[in-house]
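# Topology and contacts: notes
Chain by chain, the residues:
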Amino acid sequence: MEFKEIGKRLMRLMKLRRDMLWKLTGDDSIHFGQLPILEYIKEHDGCIQSEIAIGRGVTPPTIAASCKRLEQAGLISRCADENDRRINRLYATERGRLLSQKCREAFDETDFRCFSPLTEEEMNMLAELLDKIICGIEVDR
């Protein structure tokens, strides 16, 4: 089988997974990659953007853009640090907490539906293969 065919299958899987998630959540105020950022803020209330970038392994400009969108959607709020007004602390709003939980449940259900047909041995094999692929890509970064 050609690399191209495997790549097409991976893309199809990701599209199906993304579509299923949107169908389950029914909310378009959060983009696919923003859930991990919202979850990080929810779990680390009062964090700052640079902490999220380090914790998620994402560039600071990516975090800044995502936080701006999350704030505009009413999912997070910013509050100036009382000791250093140059620092903005981030907090998940009640709406953000509820949507985060709803999305997490949708992700979990989606992953269950995607991977439940596999045996434990197949799951371990798939994880090992994906790790190899990821390592191959990370070496080139």
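Here the structure is shown first, and the text comes after it.
If you're wondering where the values come from, they're calculated on a predicted model, not measured in any experiment. (Residues numbered from 1 in each chain as written. Predicted model: local features only at pLDDT ≥ 70, side-chain atom pairs only at ≥ 80, totals over all residues. Heavy atoms only, no water.)

### Thoughts on the overall build of the protein
Defined as follows: Helix and strand assignments follow DSSP, with helices taken as H or I runs no shorter than four residues and strands as E runs no shorter than two, numbered in order from the N terminus. Note on exposure labels: buried denotes an accessible area under 20% of the residue type's maximum, exposed denotes more than 50%, and partly exposed covers the range between, all computed with a 1.4 Å probe on protein chains only. Two residues qualify as a contact provided that any one of their heavy atoms is within 4.5 Å of a heavy atom in the partner residue.
Summing up its helical and strand segments, the protein has six helices and two strands in all. In the protein, the succession of helices and strands from N to C terminus is α-α-α-α-β-β-α-α. Principal-axis analysis of the C-alpha atoms places the extent of the protein at approximately 60 × 35 × 25 Å. The buried share among the 141 residues of the protein stands at 26%. For the protein, restricting intrachain contacts to residue pairs at least 6 apart in sequence, the fraction spanning at least 24 positions comes to 54%.

### Here's the deal with the pattern of salt bridges
Worth spelling out the cut-off: Note on definitions: salt bridges are taken to be side-chain nitrogens of Lys or Arg within 4 Å of carboxyl oxygens of Asp or Glu.
Under the counting rule described, the total for this entry stands at nine salt bridges. Asp 81 is paired through a salt bridge with Arg 89; the nearest N and O atoms lie 2.7 Å apart. Residue Asp 81 is classed as buried on the basis of its relative accessible area, which comes to 10%. Taking the shortest distance from any N to any O, the salt bridge between Arg 86 and Asp 84 comes out at 3.0 Å. Overall, Arg 86 belongs to the exposed group, its relative accessible area being 73%. Residues joined by salt bridges that share partners form a network here, namely Glu 39, Arg 104 and Asp 108.

### Looking at a nonpolar patch on the surface
What counts, and what does not: Patches here: salt-bridge-free residues with over 30% relative accessible area, like charges joined within 9 Å, nonpolar side chains (Val, Leu, Ile, Met, Phe, Trp, Tyr) joined within 5 Å. We get accessible surface area from the Shrake-Rupley algorithm with a probe of 1.4 Å; when it comes to residues, only the shown protein chains can shield them.
On the surface, Met 1, Ile 6, Leu 10, Leu 13, Leu 130, Ile 133, Ile 134 and Ile 137 cluster together into a nonpolar patch covering about 710 Å² of accessible area. Residue assignment for the nonpolar patch shows that the elements contributing at least two residues are helix H1 (3-25) and helix H6 (120-139). Examining the composition of the nonpolar patch, we find that four residues originate from one element, H6, more than from any other. Structurally, the position occupied by Ile 6 is in helix H1.

### Side note on the nonpolar core
Applied cut-off: Nine residue types can take part in a nonpolar core, namely buried Ala, Val, Leu, Ile, Met, Phe, Trp, Tyr and Cys, and a core is a set of them joined through side-chain atoms within 4.5 Å.
Among the nonpolar cores identified, the biggest contains 21 residues, and Ile 30, Ile 37, Ile 41, Ile 52, Cys 67, Ile 76 and Leu 90 are the most heavily contacted of them. With five residues, the single largest contributor to this core is helix H2 (residues 35-43). Non-local contacts of Ile 52, meaning those with residues more than four positions away in its chain, are made with Ile 37, Tyr 40, Ile 41, Cys 47, Gly 57, Ile 63, Cys 67 and Leu 90.

### Notes on H1
The condition that has to hold: To estimate the expected span of a helix, subtract one from its residue number and multiply by 1.5 Å.
Over its 23 residues, H1 runs 33 Å from end to end, which matches the ideal 33 Å to within 8%, given 1.5 Å per residue. Those residues of H1 that sit buried are Arg 17, Met 20, Leu 21 and Thr 25. Residues of H1 that are buried in the fold lie against helix H5 (94-115). With its phi angle positive at about 65°, Gly 26 sits one or two positions after the end of H1.

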